[in-house]
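# Coordinates in review
Residues per chain are reported as follows:
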Amino acid sequence: MELLPKTPTSQGPAERFTGDVWVDMLAEAAPSSRLTAGIVRFAPCARTAWHRHALGQTLYVTEGIGLVQTRDGHTIVLRPGDTVHTPPGEWHWHGATPDRFMTHLALSERTDEPGTADVEWGEHVDDETYRKAAQAR
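Here the structure is a predicted model, which is why all the values come from computation and not from measurement.

### Quick word on helix H1 (residues 127-134)
Within the sequence span of H1, burial applies to Tyr130, Ala133 and Ala134. Seen along its axis, H1 keeps its buried residues to an arc of 100°; they face one direction. Contacts made by the buried residues of H1 are with strand E5 (47-48), strand E8 (66-70), strand E9 (75-78) and strand E11 (92-96).

### Brief notes about the environment of alanine 37
Along the polypeptide, alanine 37 turns up in strand E4 (residues 35-42). For alanine 37 and threonine 58, which are 21 residues apart along the polypeptide, the C-alpha to C-alpha distance reads 9.6 Å. The residues touching alanine 37, leaving out its near neighbours within four places in the chain, are Asp24, Met25, Leu26, Ala27, Ala106 and Leu107.

### Comments concerning the nonpolar core
Grouped burial of nonpolar side chains is what soluble globular proteins tend to show. If you look at the biggest cluster of nonpolar residues, it comprises 14 residues, and the most contacted ones within it are Val21, Val40, Phe42, Leu78, Val84 and Met102. Of all elements in the fold, only strand E3 (21-28), E4, strand E7 (57-64) and strand E12 (102-109) reach the threshold of two or more residues within this core. Aside from chain neighbours lying at most four places away, what touches valine 21 is Ser10, Gln11, Gly12, Val40, Arg41, Phe42, Ala46 and Arg47.

### Some remarks on unusual backbone geometry
Backbone geometry at cysteine 45 places phi at a positive 75°, although glycine is not the residue there. Its place among the elements puts cysteine 45 in the loop between E4 and E5.

Reading the values: the criteria
Residues numbered from 1 in each chain as written. Predicted model: local features only at pLDDT ≥ 70, side-chain atom pairs only at ≥ 80, totals over all residues. Heavy atoms only, no water. Buried < 20%, exposed > 50% of the residue type's maximum accessible area, 1.4 Å probe, protein only. Helix = DSSP H or I, 4+ residues; strand = E, 2+ residues; numbered from the N terminus. Arc of directions from axis to C-beta. Contact = heavy atoms within 4.5 Å. Core = buried A, V, L, I, M, F, W, Y, C linked by side-chain atoms within 4.5 Å.

Okay, structure coming up:
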């Protein structure tokens, strides 16, 4: 058993996020584990770029109201206590609503496949796509 050191809070990089996003990594796949876990805090209107995970991703919302959307336009409104899973390879984005902060725990696994990216990042979610998703609530 080992107490893991705390890492400093980092700002989500502009190439992967729109708006103010802050990340606290809790677990970074150690050699005996593939788990990555982080607490991600989104300011109102902040969101990820389109992305997909080789082994899927699970989000658990702890505060605020958020959105998650797939490429086909399916949108889920997220509230505290909600859990959503995106399966391996599914393009999606997630973030806060226009008038609320949102915090979630993000869980995913690293792949052991050489040459396979754990996360593939795409383009930013445009304002029109975001606005339409926000109307879903």
